[in-house]
Amino acid sequence: MPLQLFNTLHRQKEEFKPIDAKNVKLYCCGPTVYNYAHIGNLRTYVFEDLLRRTIARAGFGLTHVMNITDVGHLQSDADDGEDKMAIASQREQKSPWDIAKFYEEAFFADCRKLGILKPHIVCRATDHIAEMQTMITTLEEKGYAYKAGGNQYNVYFDTAKFPHYREFARQPEAQDAQGRVDADDNKRNPADFVLWFTLAGSKYPNQIMKWESPWGEGFPGWHIECSAMASKYLGDKIDIHCGGIDHIPVHHTNEIAQSEGCFGHQWVNYWLHGEFLLLDNDKMAKSKDGFLTLQKVLDAGYSAMHYRYLILTAHYRGQLNFSWDSLDGARATYDTLCHKADEWRAAFPVAAQPGAAAKTVIQKIDAAMQDDLNSPVALSVLWEAMRNDALPVPDKLAILDGADSALGLGGVTLDKPELTREQEDYLSLRDTARREKNWPEADRLRAVLLETGLMLKDRPEGSSWYFVTPPAKKA
RNA sequence: GGCGCGGUGGCAGAAUGGCGAUGUAGAGGACUGCAAAUCCUCGAAUGCCGGUUCGAUUCCGGCCCGUGCCUCCA
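Residues numbered from 1 in each chain as written. Chains lettered and ligands numbered in written order. Predicted model: local features only at pLDDT ≥ 70, side-chain atom pairs only at ≥ 80, totals over all residues. Heavy atoms only, no water.

K.L.:
I would appreciate a short explanation of unusual backbone geometry in the present structure.
P.N.:
Note on backbone geometry: most residues besides glycine have negative phi, and most peptide bonds are trans. Phi at Leu-373 is positive, roughly 55°, even though this residue is not glycine. Even without glycine at this site, Lys-437 takes up a positive phi of about 55°. Among the structural elements, Lys-437 can be located in the loop between helix H13 (421-435) and helix H14 (439-451). Of the residues examined, Lys-437 reaches a relative accessible area of 59% and is grouped as exposed. (Helix = DSSP H or I, 4+ residues; strand = E, 2+ residues; numbered from the N terminus. Buried < 20%, exposed > 50% of the residue type's maximum accessible area, 1.4 Å probe, protein only.)

This is the structure in structure tokens:
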């Protein structure tokens, strides 16, 4: 079965037909690096990682591009808010460049822990000011841009000149006026958006990140960066563009208007959007208090893979309500899978070629993923195989390997740090106690070892152990 | 106010016009010095009311509830 993807453009599942099967062009909207990513943000990047893996396993070559927004993303309503980078800069008493560098590194560290493959090309907005200016100039020449009056000569995109402006979001035009944001007097139309902010006479003349331009010293609007960078690296026709579902009505709508205005033809063939993670049935947002970072999850005694597994149990187009209970379930499931895998590997250390039965299971997993990334079904297929006595262990190991490649399961292995001296001593004391049939002492030492993160398994030939993550290990 | 999405066992979450996956949690059993792990067995769910149909959890309508967007947002 061919790869099927839900295309936001037509609100339906469609067969994926690439422009060039040897090089699928995939662009993903990246983070604004003014703060840590929260686990809701990270869910979207896991979804994009699954998409990338699925495209590759379906036999296509691809180029995966992601931007880093390090300038131009405004804080507040309308278009007169302050740049988020500038606010973070004041908050932390660092230059905006240092802020961007710090949070970009933190973001990729989170991604590594979550098994998210790094995009082939990562591009920063601040490295592409010239490309954005070129694009704005083209839009001016084609009549899509205008300079606003007043004392703030920003350059705006004129949405009235782009008749298809509302098609993507499917928002009726009449609703613009009823939005809760006060109209910007400079705009000809409430939906118009800034391409270039000019500092002279603006509310924030001391913005540190600024560049010379044909319109005066200033900085680019948020939306133009994605259009400029995507087309620089992928050309003016892109296969897939994805991001969070919240980007449909504004950011992606504006990207389409700019890019298609500039290029004069359809820009992106497939738009894919990941749904939100909810926390206590509410949206988790960077601009709200108390968002959960991956580090907080780690501090609570879970691994990044436990969180990834939780994400995989839900379909990317449905909201997922995060709770510690559901994360507990994901942890138990993932650890059980790893534990089985480790035992099987110990028994069959040499990897075998998958037999016909294993290949069939792996194909089913791939088929589930190729059906609009149905990871819950893929996991269901995996578990049925793991508990199928008819499958020999080497086949199960081959299936695990395939599932790891398709779903990014972090190698399906439990952490095996070195034993501490203390742990070795306790183990040896306990062996002695067991030989002497001193059961109370053996039980006591087992409890002590569990607190250090060692789970014991007693066998006739002696005790073995494996690592578990006790709750509150690091908290 | 407008435009959407969703309500499935304790929890998470698929699928489907006719046996409602999978995992976790729970109960019982095998095994074990006792456990753990593993395995076996079991109990447990389609928000409410109508309609279409031989048959609805699925399709249609209404209601209730939750949630998202129209503002920065993954």
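Having seen the model, we can carry on.
K.L.:
So what exactly am I meant to see when it comes to the domain arrangement of chain A here?
P.N.:
When the parts come together, some accessible area is lost, and that loss is often what is quoted as the size of the interface. Each assigned domain of chain A is listed here: domain 1 (16-274), domain 2 (294-407) and domain 3 (421-467). Just the C-alpha atoms count here: the centres of domain 1 and domain 2 sit 34 Å apart. Each partner contributes residues to the interface: domain 1 has 21 residues there, and domain 2 has 29 residues. Contact with domain 2 buries area across many residues of domain 1, yet Ile-39, Arg-43 and Arg-57 alone supply 37% of it, more than any other trio. (Domains from an automatic or database assignment. Contact = heavy atoms within 4.5 Å. Buried area = accessible area lost by both parts, 1.4 Å probe.)

K.L.:
Even after reading the chapter, I still don't get the packing of aromatic side chains, so can you show me in this structure?
P.N.:
Describing an aromatic ring pair means giving the distance of the ring centres and the angle of the ring planes. Following the criterion strictly, the structure yields 20 aromatic pairs and no others. Centre to centre, the rings of Tyr-146 and Tyr-156 are 5.6 Å apart; their planes meet at 20°, and the pair counts as stacked. You can see Tyr-146 sitting in strand S6 (residues 145-147) and its partner Tyr-156 sitting in strand S7 (residues 155-157), a full ten residues away along the chain. Grouping residues by exposure puts Tyr-146 and Tyr-156 together as buried. Measuring from centroid to centroid gives 6.3 Å for Tyr-307 and Phe-322, while their planes differ by 70°, and the two rings are edge-to-face. Within this pair, whereas Tyr-307 is found in helix H8 (residues 304-312), its partner Phe-322 is found in strand S13 (residues 320-322), the two being separated by 15 residues in sequence. Both residues of the pair, Tyr-307 and Phe-322, count as buried. In textbook terms, an aromatic cluster arises when at least three aromatic residues are bridged by ring pairs, as seen for Tyr-302, Tyr-307, Phe-322 and Trp-324. Sitting over the ring of Phe-102, Lys-94 keeps its end group 4.5 Å from the ring centre. (Phe/Tyr/Trp six-rings, centres within 6.5 Å; stacked < 30°, edge-to-face > 60°. Lys NZ or Arg CZ within 6 Å of the ring centre and 35° of its normal.)

K.L.:
Could you clarify how one ought to interpret the sheet that holds strand S8 (residues 193-198) in this entry?
P.N.:
In sheet architecture, strand pairing relies on hydrogen bonds along the backbone and comes in two forms, parallel and antiparallel. Across the sheet, which stays open at both edges, the four strands sit in the order S6-S7-S8-S9 with antiparallel pairing between neighbours. Only two strands of the sheet have a single neighbouring strand rather than two, namely S6 and strand S9 (218-220). Averaged over all adjacent pairs, the angle separating strand axes in this sheet is 25°, with direction ignored. Lying over the sheet, helix H4 (residues 129-141) contacts S6, S7, S8 and S9, oriented at roughly 120° with respect to S8. (Pairing = 2+ DSSP bridges. Axes fitted to C-alpha atoms, helices over the stretch in contact; angles between N-to-C directions.)

K.L.:
Which parts of the structure should I look at to understand the confidence of the model for chain A?
P.N.:
Where the model shows low pLDDT, its predicted coordinates should not be examined in detail. Mean pLDDT for chain A: 88, with 91% of residues reaching 70 or above. Confidence, expressed as mean pLDDT per element, reaches its minimum in chain A at strand S15 (residues 462-467) with 80 and its maximum at strand S3 (residues 24-28) with 97. Contacts of residues 176-182 to residues separated by more than four positions or lying in other chains number seven contacts, the stretch itself having pLDDT below 50. Below pLDDT 50 for its whole length, residues 471-475 participates in nine contacts with residues either more than four positions away or in separate chains. (pLDDT = per-residue confidence, 0-100.)

K.L.:
Where do I start with helix H10 (residues 356-370) in this structure?
P.N.:
An α-helix turns once every 3.6 residues. As a result, residues three or four positions apart point the same way. The end-to-end C-alpha distance of H10, which contains 15 residues, comes to 21 Å, matching closely the 21 Å that a straight helix rising 1.5 Å per residue would cover. Looking only at H10, the buried set comprises Ala-358, Val-361, Ile-362, Ile-365, Asp-366, Ala-368, Met-369 and Gln-370. (Expected span 1.5 Å × (residues − 1).)

K.L.:
Can you help me understand the pairing of strand S11 (residues 268-274) in this one?
P.N.:
Strand residues, when the strand is regular, have side chains that alternate between the two faces of the sheet. With six of seven residues buried, S11 is to be regarded as a mostly interior element. Judged from the six bridges that link them, strand S10 (residues 238-244) and S11 form a sheet pairing that is parallel. Each residue of the ladder has a partner; that of Ile-240, found in S11, is Tyr-270.

K.L.:
Explanation requested: H4 in the structure shown.
P.N.:
Over its 13 residues, H4 extends 18 Å from the first C-alpha to the last, a length consistent with the 18 Å expected when each residue adds 1.5 Å. Among the residues of H4, Ile-129, Met-132, Gln-133, Met-135, Ile-136 and Leu-139 are the ones counted as buried. Projection of H4 onto a plane perpendicular to its axis shows the buried side chains occupying an angular sector of 160°, all on one side. In H4, the exposed positions that point more than 90 degrees away from the buried face belong to Ala-130, Thr-134 and Glu-141. Those residues of H4 that are buried lie in contact with S6, S7, S8, S9, helix H5 (222-234) and helix H6 (248-263). Where H4 terminates, the next one or two residues include Gly-143, which has phi positive at roughly 85°. (Arc of directions from axis to C-beta.)

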